[in-house]
Amino acid sequence: MSTPRATVRLQLHSGFTFDDAAAAVDYYARLGISHVYTSPVFAAREGSAHGYDVVDPARINPELGGEAGLLRLVEALRAANMGLIIDIVPNHMGVASGANRYWQDVLAWGARSRYAGWFDINWDAPEPHLKNKLLLPVLGQPRDTVLRAGDLGLQLDADQGRLWLTCYGQRLPLSAASHAAVFAEHSALHEVAQTFLTATPESLERACSQLADLARSAVGMQALEQAVARYSAATVPGQQALQGLMDEQHYRLSWWRNAAEEINWRRFFEVSELAGVRVERDEVFEATHALVFELYARGLIDGVRVDHVDGLAEPGAYCRKLRKRLKNLQAQRPAALRSGGPWIVVEKILSPGEALPGDWGVDGTTGYEFMDQAAAVLHDGEGERALRALWCELTADRASFEAHLQMARKQLLAENFAGEVDALARALHAHAESAPLGGRDVALPAIRRVTTALLACFRRYRCYNTADSCSDIDRQVLELARDHARRHLRTPDHALLDSVAGWLGLDSPSATDSSRGTRQRALTRFQQLTPPLAAKSMEDTVFYRHTPLLSRNEVGSYPAQVAAGPLAFHAANVQRAADFPRSLLATATHDHKRGEDTRARLAVLSDIPAEWETQLRKWMHAHEGLRATLPQPGGGLLAAPRPGTEIMLYQALLGAWPPSLAASDADGISAFGTRMAAWLEKALREAKLESSWMLPDTAYEAACQSFLKGLLASERFISDMAQLVLRMAPATAANSLTQTLLRLTAPGVPDLYQGTEFADFSLVDPDNRRPVDLAARRSALQQRNPGGADAPADDGGLHQKQHLIRKALEARQRNPDLFCGGDYLPLGVLGQHSRHVLAFARRSGAACAVVVALRHPAQLYAASPQGGVSWQDTSISLEAGFPRVWRDVLAGTELQTSESALRLADVLPNAAVALLLAV
């Protein structure tokens, strides 16, 4: 089983290890899963809840069970005829603790470190205090304050023969020269001081051994303690000495807030605990992937998910190299696993109209675009427009999503990515200085100004052009950004804007080697800045500011566009079947903003905008007394929460509301309130309006939290919400089953995010990473009747979801060619209720399947108040040559059709979805 048929995503951590995953294999095998697909398995920061902060890619994470635990998991998988896909993180490493030996070596030796080239560090920073140093923004307060508080110190480790700088109890390496300086003041330590003074990275161990030997004698230990005591932070002279010692290191300790403006090394997004890795260098690629290659050659893994591929300097070249290296190992794999080749998918968010490059050598993406496509067909475009109009009225916010995005990008460039913008501007200035003609007399501030405008108007995650070539697509993207930026700049800046856009791709290739090199460096900086800017501005800012309909604010979506209908869904599937038939299909991930069923419920609001408007106005009026009024620093008063936040909160409560939650359930209300309070804090800070992660406004946050508590203490509000959830339950369940069946039958490899075979009314992380009750799922799977007595009581009518998944995966297993490589054929729907049906066929030779699913079920159910649906003349058109006898996989029944049509009254008499296989 090298090529996945269906995957399950499992989040590994110390509370859910390889052995826990192995214990679940039999369940997932019975469900129909072919491959377990895990979060990163390499050694990560101690206590990591996700594994993306890898500290050593050459070791299996001991907290997960180490290599022995991994082998036990693989043994269980192979015994069940299943495989393993792992998540790899080539873009960055965790550097927040001393566990990363590569980063520690850089701290100790600076640019002389054997690992200095692994990280993207500017050792030639323009700031004098950062010359030949890297910024280490780990202090909770300014350095002088931390020093006087005694949170910095010098520590002797006699056993290791090392001195360490301590910072909040964490140990940071001291340079060899600083060891010598500390010991040189004591006559008994001159010899060991000289050894450290002449030490190299290769000979340091000898110096440390000499120091450890000296410490074993009482006289030597006394001398060492006396030398270290001179740097005690308990005295003013000691603080001064320690200050001087810190200034001599290859890193500069700094207040964490300085990172945004002074950072001189590439980070993952704006996270200073994650350092960018230069995998574009062959030696770094080989060293950081050696264990991946070993695991593949030994047959322990069958493929990889590449995290944040757009963060790499050369994504396409990286993917092609990865494919080639893995393919070359194919002959070393166990004989039974040599067919099929490695399965490689990349985490890549595609903007509207963007396609994954076809020359990367990957099988597809991790499925964010499918998550958007499957969700889009659940939304009613007219209802969505009505909700936007309602938002504008109730919030007095008439700015479009695009306008909000523009404002957010400008804010982030000024406040969060100022250091990265400055580094890009300097790289462009260096290129201007090296250009043969026309660029030498350009001021750095002017370049920074026009570059900022260009970045603010850049609408994709990134371009992929080089100093030597620029595709037509990249050229169009750059031209569009340039033309938009022109509107935000004064006329005198337009010529320079044209020059900067030219250097970034619109000009012809550089004529000289020197200008080519500077141009490529500037290009790389630009291309590695636009992805975090895109993600942080939209997903982590505007998604919490502009919220007319929360179900559209999801990773992979672009809420500026009204949700597309069946034609767009069909076109996307036809394209995927042709280009990337093995791409991953997801409707829930560890990074989603809302669970798949949370979105399914909120999508119903687009079907019932008038009812939602009535309810929203009622709540906003009823809860006026819960709002606080806070003075603003510049004068005036601020409502807490502001109207936009209040509307977002009502939607979040509605989306995540447990179906059986009632006012009498005090424990349930308390638990739900705790979840919502954590979400609300994150939402307020991500929005970066009244509060933020960098500068939390505790008064505003407290007022909003008090508002939330007031809502959940109101029996009237709880009753209103519970009744609304109950009224929406049939439509919610239909939406859920529709998107589930689409994921299981569309071209691609369906992924099941852990636990979502039951109702998934989760919120953003960490809420979507809570423990999964596997025992309940085992019990439910063993039932023949999916709605039997043991069905989950709190699933909002979604007890058929697991049954649907099992039956559809069983069909995929029995018909692999049909679903894994078969043609995708859109089917037309005719009749009175045609807009409420989505239908398509999959064909491969004589094998054929038809998929039928409801759309806008709330409107359909409202038209049939007596229960069921009166389909009347609604039918699905079939081409000549289609089979006439079908088996309903989900209902277990057979039906016959005419040669040209399937009657909906026969296909969906009482169900929301149907999967028909030709008999």
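Scroll up for the structure.
Predicted, not measured: the structure shown is a model, and the values here were computed from it. Per chain, residues are indexed from 1 in the order of the written sequence. Given that this is a predicted model, residues contribute local features only at a pLDDT of at least 70 and side-chain atom pairs are listed and counted only at 80 or more, while totals for whole chains, interfaces and linings are drawn from all residues. Calculated side-chain values reflect all of the structure's heavy atoms, with hydrogen atoms and water omitted.

K.L.:
Please clarify how helix α19 (residues 472-486) should be interpreted in this entry.
P.N.:
A run of DSSP states H or I qualifies as a helix once it reaches four residues; a run of E qualifies as a strand once it reaches two. Both are numbered from the N-terminal end. Helix span is expected to be 1.5 Å times the residue number reduced by one. The end-to-end C-alpha distance of α19 is 21 Å, a good match for the 21 Å that 15 residues give at a rise of 1.5 Å each. With a 1.4 Å probe rolled over the protein chains alone, any residue whose accessible area is under 20% of its type maximum counts as buried; one over 50% counts as exposed, and the rest are partly exposed. Residues of α19 that are buried: D474, V477, L478, A481, R482 and A485. Buried residues of α19 fall within an arc of 130° about the axis and therefore sit on the same side. In α19, the exposed positions that point more than 90 degrees away from the buried face belong to D472, I473 and Q476. Taking the helix axis as origin, the arc is that swept by the directions to the C-beta atoms.

K.L.:
Sorry, what's going on with the nonpolar core here?
P.N.:
If you look at soluble globular proteins, the nonpolar side chains tend to sit buried side by side. If you look at the biggest cluster of nonpolar residues, it comprises 171 residues, and the most contacted ones within it are Y28 and F183. Residue contributions to this core peak at 8 residues, all from helix α12 (residues 282-297). Throughout, a residue-residue contact means that at least one pair of heavy atoms, one from each residue, lies within 4.5 Å. Leaving out residues up to four positions away in the same chain, F183 has contacts with L163, L189, H190, V192, A193, F196, L211, L224 and A227. Throughout, nonpolar core names a set of buried Ala, Val, Leu, Ile, Met, Phe, Trp, Tyr and Cys residues whose side chains join them through atoms within 4.5 Å. Y558, I608, A687 and F717 belong to the second-largest nonpolar core, a separate cluster that totals 61 residues.

K.L.:
Whenever I open this one, the packing of aromatic side chains confuses me. Can you help?
P.N.:
For any pair of aromatic rings, geometry is given as the distance between the ring centres together with the angle between the planes. When the centres of two rings from Phe, Tyr and Trp lie within 6.5 Å, Trp using its six-membered ring, the rings pair. Their planes under 30 degrees apart give stacked, over 60 give edge-to-face, and anything left gives tilted. On inspection of all chains with the given rule, the structure shows 21 aromatic pairs. Relative to W118, the ring of Y115 has its centre 5.1 Å away and its plane inclined at 80°; by these criteria the two rings are edge-to-face. In this structure Y115 comes out as buried when scored by relative accessible area, which is 15%. For the ring pair F268 and F269, a centre distance of 4.3 Å and an interplane angle of 15° mean the geometry is stacked. What links up through ring pairs into an aromatic cluster is the set W612, W619, Y650, W657, F672 and F717. Sitting above the plane of the F285 ring, K321 keeps its charged end 4.7 Å from the centroid. Whether a charge sits over a ring depends on NZ of Lys or CZ of Arg being within 6 Å of the ring centre and within 35 degrees of the ring normal.

K.L.:
I'm lost on the sheet that holds strand β1 (residues 7-10) in this one. Help?
P.N.:
Two strands in a sheet stick together by hydrogen bonds in their backbones, pointing the same way (parallel) or opposite ways (antiparallel). Any two strands with at least two DSSP bridges between them are considered paired. Here we have 8 strands laid out as an open sheet, ordered β16-β15-β14-β5-β2-β1-β20-β17, and parallel in their pairing. Of all strands in the sheet, those bounded by a partner on one side alone are β16 (364-365) and β17 (584-585). The sheet contact formed by β17 and strand β20 (residues 749-753) spans 2 bridges and is parallel. Note on β20: the bridge partner recorded for L584 is V749.

K.L.:
Mind showing me how you'd approach the pairing of strand β4 (residues 54-60) here?
P.N.:
Look at any regular strand and the pattern is simple: side chains alternate between the two faces of the sheet. Of all the 7 residues making up β4, 5 are buried; the element is thus mostly covered by neighbouring parts of the structure. As judged from the 3 bridges shared by strand β3 (residues 42-44) and β4, these two strands associate in the antiparallel manner. In the sheet register, A43 faces β4, and the bridge partner there is D56.

K.L.:
Even after reading the chapter, I still don't get the sheet that holds strand β23 (residues 837-844), so can you show me in this structure?
P.N.:
Taken together, 6 strands build an open sheet; the order of strands is β21-β23-β24-β29-β26-β27 and the sheet is antiparallel. With one partner strand each, in any of the chains shown, β21 (823-826) and β27 (893-896) form the two edges of the open sheet. Taken over all neighbouring pairs, the strand axes of this sheet differ in orientation by 25° on average, direction set aside. Where strand β26 (residues 885-888) meets β27, 4 bridges bridge the pair, whose relative direction is antiparallel. For helices, the axis comes from a line fit to the C-alpha atoms of the stretch in contact; other axes are also lines fit to C-alpha atoms, and the angle between any two N-to-C directions lies between 0 and 180 degrees.

K.L.:
Help me understand the side chain of T732 in this model?
P.N.:
Its location among the elements puts T732 in helix α28 (residues 715-745). Of the residues examined, T732 reaches a relative accessible area of 2% and is grouped as buried. Apart from the residues within four sequence positions on either side, T732 is in contact with D597, A600, R601, V604, F761 and L798.

K.L.:
In this structure, what is going on with the environment of L274? I would like to understand it.
P.N.:
Along the polypeptide, L274 turns up in strand β13 (residues 271-276). Given a relative accessible area of 11%, L274 falls into the buried group. If sequence neighbours within four positions are ignored, L274 has contacts with Y52, D53, H92, M93, G94, V95, W265, R266, R267 and F268.

K.L.:
Could you clarify how one ought to interpret the environment of A652 in this entry?
P.N.:
If you trace the backbone, A652 turns up in helix α25 (residues 643-656). Beyond its immediate stretch of four places on either side in the chain, A652 contacts L550, M676, W679 and L763.

K.L.:
What is the right way to read the packing of α28 against helix α30 (residues 800-814) from this model?
P.N.:
Packed helices, taken two at a time, are described by their axes: the angle between them and the distance between them. Following both chains from N to C, one finds α28 and α30 inclined at 15°, their axes separated by 10 Å at the closest point. When the axes of α28 and α30 are compared, the pair comes out roughly parallel. For α28 against α30, the interelement crossing comes out right-handed. Contacts between α28 and α30 involve S736, L737, T740, L741, R743, L744 and T745 from the first element and Q800, K801, L804, I805, A808, L809 and R812 from the second. Polarity classes work like this: nonpolar for Ala, Val, Leu, Ile, Met, Phe, Trp, Tyr, Cys and Pro, charged for Asp, Glu, Lys and Arg, and polar for all others, with Gly in that last group. Considered class by class, the residues forming the contact of α28 with α30 number 7 nonpolar, 4 polar and 3 charged. Orientation categories follow fixed angle ranges, with anything under 35 degrees roughly parallel, anything over 145 roughly antiparallel, 65 to 115 roughly perpendicular, and all other angles oblique. We call a crossing left-handed when the near helix sits turned anticlockwise from the far one by less than a right angle, and right-handed when that turn is clockwise.

Everything listed here is a matter of coordinates, which is why it stays silent on function.
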